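Here are the chains, one letter per residue:
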Amino acid sequence: MWDFLVPVCVSDLVKTGGINQYVVQDVVSPKQLPSHLNGFKAALRSQGPLCILEHFDTCYSVLKHCHTVDLNVKEDTLELLIQVVSGLSVSLPALLLNASLSAPDRKEQLNAVKMSVFLLCKLAEIIESDSYRQSIVTAPSKGSKKGKAAGEGLLQWDSERETVLQALIQLLQLDIRSLWSLSLVEEEFISCVTCCCYKLLENPTINHVKSKSTRDAIIHLLGVQVKKYNHLLGASVKVIQLLQHLEQLSSVCAQAVAVWSTEYGVKAIVGEVMREIGQKSSEELAREGSGVKAFSSFLSELATLVPDIMIPNISVLLTHLEGESPSMRVAVCEVLGEVLVKVLSGDGLDESGKADRDRFMDTLQEHLHDVHSHVRSRVLQVYTRIVNSKALPLNRYSEVMGLTVGRLMDKSVNVVKSAIQLLAAFIAHNPYSCKLSSADLKTPLEKETARLRELREKLQANAPVFESYGLENMSGHYGYTGGYASKKTSSNLISSVPMCSFFSAGPDQDVSENREDLPLTPQKEGVEGGGKDGVEDSELKKQEMLVQYLRDTESFALQVEAAIAVINSMLYWKTTSVVQEAVQFCVTVCEFSVANSLTGVRKMLPLVWSTDATIKDAVVQAYRRLYLNPQGDSTRAKAQTLVDSLSELMVDASLGTIQCLEEIVSVLPFSGILPMVQVLWERFTGKRETSSLHRRAAVLLLGMAARAEREVVLSNLDTLCSVALAEKVTEDFLLARDSVITVCNITDHQAKGAPFRLPQDHQLFTCLTRAIAEGTDTYDPHWQSFMEQAVRLIYFLAESPDQICSCLLQRCSRLLLDQIAEGGVMSTNKDVGQADCLSLAQLLSLCGCVAFWQVSHLERSVSSELRRRRGETEEREEKAKGPSSKAKVSANESSVEEELGLMGASADDTEAELIRKICETELLADENLLCSFLPLLVRVCSSPGRYSHPQLTAAACLALSQFMMISPSVCEEHIRLLFTVLERSSLPIVRANAIIALGDLTVRFPNILEPWTQNLYTRLSDENPSVRQTAVTVLTQLVLKDVLKVKGHVSEVAVLLIDPQTHIANLALNFFNELASKDNAIYNLLPDIISRLSDPERGMNEQDFYTIMKQLFSYITKERQTESLVEKLCQRFRTAKTERQWCDLAVSLSLLSMCERGLKRLQECWECYSDKLTETGVYQPLLSITAKLRRGAKPQLKAQVEEFEKRLTAVHTRGLENVESPEMEEENRPEGTGPSQNTPPHTPLPNKARVSRPRRGPHTLFLSWILVHFLCQ
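Residues numbered from 1 in each chain as written. Predicted model: local features only at pLDDT ≥ 70, side-chain atom pairs only at ≥ 80, totals over all residues. Heavy atoms only, no water.

Draft legend 1. Quick peek at the overall build of the protein. Across its full length, the protein carries 57 helices and zero strands. Within the span of the protein, comprising 1273 residues, buried residues form 48% of the whole. For the protein, the share of sequence-separated contacts (at least 6 apart) that also reach a separation of at least 24 residues comes to 74%. When the accessible area of the protein is evaluated, it comes to approximately 62800 Å², of which 51% is carbon and sulfur surface. (Helix = DSSP H or I, 4+ residues; strand = E, 2+ residues; numbered from the N terminus. Buried < 20%, exposed > 50% of the residue type's maximum accessible area, 1.4 Å probe, protein only. Contact = heavy atoms within 4.5 Å. Areas by Shrake-Rupley, 256 points an atom, 1.4 Å probe, with all protein chains shown as cover.)

Okay, here's the thing in structure tokens:
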């Protein structure tokens, strides 16, 4: 009988072969194929799978005409071939067990197997290619009939693909090798199956979830080939090829290799693939298309699946750690990490395992300092996984922790993020304690150390020859030579002394008292039969372990505290992801009660106003996790816990902190706030005994709740007045102030209708006016803040607030006059009495506050009410006109809309003019009460000698500025006086208040204040830090809001970059950071700043100038700006008069990010600075420019740089007059001669015997002449 040989190419079957070799005789035409397939189907039913021997040509014809036959023909053929293969897998087992099977029958079965497998695999490859092609061609035509038909065919093949694979698996799992002679399966047969599998793996959708069953079937079919048919080497080579050309298959290949090594027991495949990858050189991996990313992903994925099998061959990968590919270094480090987590962890390691673990740990630590930031980041992530899995040996905690803290300073944002994550993991999974406060650990450590000292002294007294276990010998007990922080170790330590006792024990309670009834740690060497000495020896060992444990815990806590300081500064970075990680870290350290952890929690609070929704949400979630997630059995218990948490934040909180907390609480649903309202009222009213601080916190929290529901406060307004604003108000003005702030929150719920106002005779205003009046002679330091909030509330809530405040001013004035009359006539004394000064200061503060809020009331409340009433009137008139008027309006729509627009604008202007007229003529009219106070304010401010009381001066100055807000005429009349107070006052508080007031006046009346701008900048150099801080804050706001034009005075802000006060320097830095966001602002200012700072009269030292300029030049990033600045600075060499100015200009040039165009411009301006090069201060900075340009420069640019450097050096060493320019050399060279070819160009060396001196300029000669003339006389 003939033999069927699996061909390399399908067309080889029609060629004449060797003896008894099967050759296709009849290639059926496409038209005849359906009828022949019907015959094949009938034969299959009657004869079984061996009919393939007779109908092979029919199936071959389908392969031959695959591009022309219909899809239905291919599907029918595929179905028949699947039945043949499945039939063979059913019939063969019995035949294979039959030892008497004749040779012809065996050959017949073999031919049937080879023919059916060959046809099925080739047809599957063809249909796979067709389906992929159709998916590409029909992808854009979604919804079309053609696209739907193609999609249906593709979907059908997706379901049939797995059926084909399962049929092949069932057949090849049988021991069909016995059908071949000597059981040697021919390579072509194996390749036929494996090529089909690899072809299917190349499908782009093989990674999808829906393809999982197909993917698994391919892997198992290849696993059969690897195990039974010697495909190990072929599979390893093919895996490498797939990774090189199809990067998306890295995960599939890793899964396949893992299955082959575990389920099929072919572990050698892992070593083969690892050796193939390990033998790749750096040059190969550097080439494009080398598959380095796929190799990296493959190794990482494989390590997660079979790390134990990779260990014997891991050495072949270590060579890549020294290679140039960062991806491969990452992969090897991740492999090491997985091995450490899943294999080399725990206490049961032998000596070899411990050695491998330490070697791998050392390797990872080395790559924390890798040159590539991606490698450093991923190694930190590997350590995070190790720490989270509790696989890091205890003796490495301190070292790795220190390295991680160092990575917080990394230039790469990703490295910093990974370092923060690792530090958070260290804290969350630390083996030491649930509380990590070095301060709390200090006391128990001292006590236990003293106890250890006593035990040693006692043992030494009893047995002088005794050799104790020193702390250096603790490795066997505490895990310092490869030990591991296991539960067993922790339990031994805790059985000795419970950690809770370190934090629950009072300061006078000995920790040792808590452990009298505790079982001893099972250290029994020497105890049995050792008597008393053995017991003491065991006690000493346990004490040494405990002391070492406490020392390590303290060391760990100190490292965490050091990291906190660094990470807190990252909360305001511009990188959102870093800020998010920093916020999460702050939450983690706060949960573990680390010292100074609340600093970061409070510092991140203002981020709730961030424009970045991600950052805002992170802060809200952090506070919700820390403070707004109460624990308790009942609703009231949870409310009590929530109130306690929020109260702790509110205690001693600043106004800014309170506003931030309001925003966070407002995010909560009202249903979450409602249960705590009752608890808050109980605290505020004193039903539950609590401190005054917590009462104030309670009333402020009620105000926050009132923002969500006004009735929370409005329905209890009488209670609030009786508790905080009644007769005892003078005893606690802070509680009264916070209560007023809470009431103000009910005004934030203005509806579209009439504004919410309370009647003038309401109890609230009666209490407020009485409290303000009684407080004018109490001299309470908190009365001022209460008064300001109370007046604000009156203008917000009262009907006719001006009448209430007028009566209040009269009442307070009468009280002051009565007080003066009782104490004597004021005019008879040169100085006003102490008490009278304080009362007068408080009266002036009150009148200034009333003046300010009166203007605000007119411009906001009155103006908005006029607009509302006008709108209602127009709406009524519009309704009264009826439908006929609407028809006319629609006929002339455009003209009427335009007219209405003009009418609206005119009405707004009329209202604004009315308000302005009232402020100008009526507020300070003779019949108005405020007019009576203005002369007094002017008198106090203009007579500092007579009115020298600090509080009175400060109050008068502030009140005068508030009066100046009323109208331009008042401002213009007294502006000179206010600036005089700003410059001549000896009180820092007065100068600071004046700056703030002038900032407000600049916003309100910019034209009046514009000539006085220079006087504002002068305060930037004030001797008092608080005044400088106020000045830079105010000017920053004015400049960034475009109220003030940025002029040359901004150099005074630049000087603050080196202010000794860090917070002032940070404010100046923030000013320039914001200014840099404006187009070309700093670029336009730089030349003038340089001129002012390098002015000899200023006397700034060189280091300070360098520090300032380095920061300012960092904002110059555009090439055109650099080029232009080079030219401008070079031109200034001509006008600079002193050597110091030359040096400053040269330093400025060296700080620019010089480019090729900048160098060209520098060379073009050679004449501007060449005569100054003899000065070292000019030469060295310019020489540093060439050093920067030489790094990474192209050969052409490098040549230009070297030529320029030689030119600089020549002029510096010999002087400009001794160095001929290239043009002069060309002119002086004889005709017909060229430059010497034998003498290489060289830089002339300086003459050591002669010191090069700079040329004498006219100023130097003039000074020399004066000196000679003076000596002659």
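Draft legend 2. View of the packing of helix α28 (residues 655–667) against helix α30 (residues 692–708). Put simply, α28 and α30 touch, their axes get as near as 9 Å, and they point 45° apart. By the criterion of interaxial angle, the relationship of α28 to α30 is oblique. Crossing hand, α28 versus α30: right-handed. Listed contacts from α30 to I658, L661, E662, E663 and V665 of α28 are L700, M704 and R707. Tallied by class, the residues present in the contact of α28 with α30 amount to five nonpolar, no polar and three charged. (Axes fitted to C-alpha atoms, helices over the stretch in contact; angles between N-to-C directions. Parallel < 35°, antiparallel > 145°, perpendicular 65-115°, else oblique. Left-handed = near helix turned anticlockwise from the far one by under 90°. Nonpolar A, V, L, I, M, F, W, Y, C, P; charged D, E, K, R; others polar.)

Draft legend 3. Inspection of the side chain of T1186 at higher detail. Turning to its location among the elements, T1186 is positioned in helix α54 (residues 1176–1190). On the accessibility criterion, T1186 (1% relative accessible area) is buried. Apart from residues lying up to four places away in sequence, T1186 is in contact with V1201, F1204, E1205 and L1208.

Draft legend 4. Highlighting the packing of aromatic side chains. The tally for this structure, following the rule as stated, stands at 17 aromatic pairs. Note on F733 and F786: the rings are 5.3 Å apart at their centroids and 40° apart in plane angle, and the pair reads as tilted. Of this pair, F733 sits in helix α33 (residues 733–744) while F786 sits in helix α35 (residues 783–797), placing them 53 residues apart in sequence. Just as F733 is buried, F786 falls in that class too. Each residue in the set F4, Y22, F56, Y60 and F118 is aromatic and connected to the rest through ring pairs, giving one cluster. (Phe/Tyr/Trp six-rings, centres within 6.5 Å; stacked < 30°, edge-to-face > 60°.)

Draft legend 5. Here's a closer look at the nonpolar core. Within the largest apolar cluster, 379 residues are counted, with the highest numbers of intra-cluster contacts made by W260, F298, L725, F786, F1072 and Y1169. Those residues in contact with F786 that sit more than four places away from it in its chain are L725, F733, A736, R737, V740, L768, A771 and I772. By size, the runner-up hydrophobic cluster in this structure holds 10 residues, among which are L452, L455, L550 and A557. (Core = buried A, V, L, I, M, F, W, Y, C linked by side-chain atoms within 4.5 Å.)

Draft legend 6. Spotlight on helix α41 (residues 968–984). Relative to the 24 Å expected for 17 residues at 1.5 Å per residue, α41 spans 24 Å between its end C-alpha atoms, a close match to the ideal helical length. At H974, α41 shows its largest kink, close to 50°. Of the residues making up α41, those classed as buried are V970, C971, H974, I975, L977, L978, F979, V981 and L982. In this structure, the buried side of α41 is in contact with α39 (934–942), α40 (950–964), α42 (988–1004), α43 (1006–1009) and α44 (1013–1018). (Expected span 1.5 Å × (residues − 1). Bend = angle between axes of the 7 residues up to and from the residue.)

Draft legend 7. Structural detail: the pattern of salt bridges. As enumerated under the stated definition, the model contains 42 salt bridges in all. Here D1059 and R1028 are joined by a salt bridge, their closest N and O atoms 2.8 Å apart. Taken together, the positions of D1059 in the loop between α46 (1050–1055) and α47 (1062–1076) and R1028 in helix α45 (residues 1025–1040) put the pair 31 residues apart, joining distant regions of the chain. Take D1059 and R1028: they sit in the same class, and that class is buried. (Salt bridge = Lys/Arg side-chain N within 4 Å of Asp/Glu carboxyl O.)

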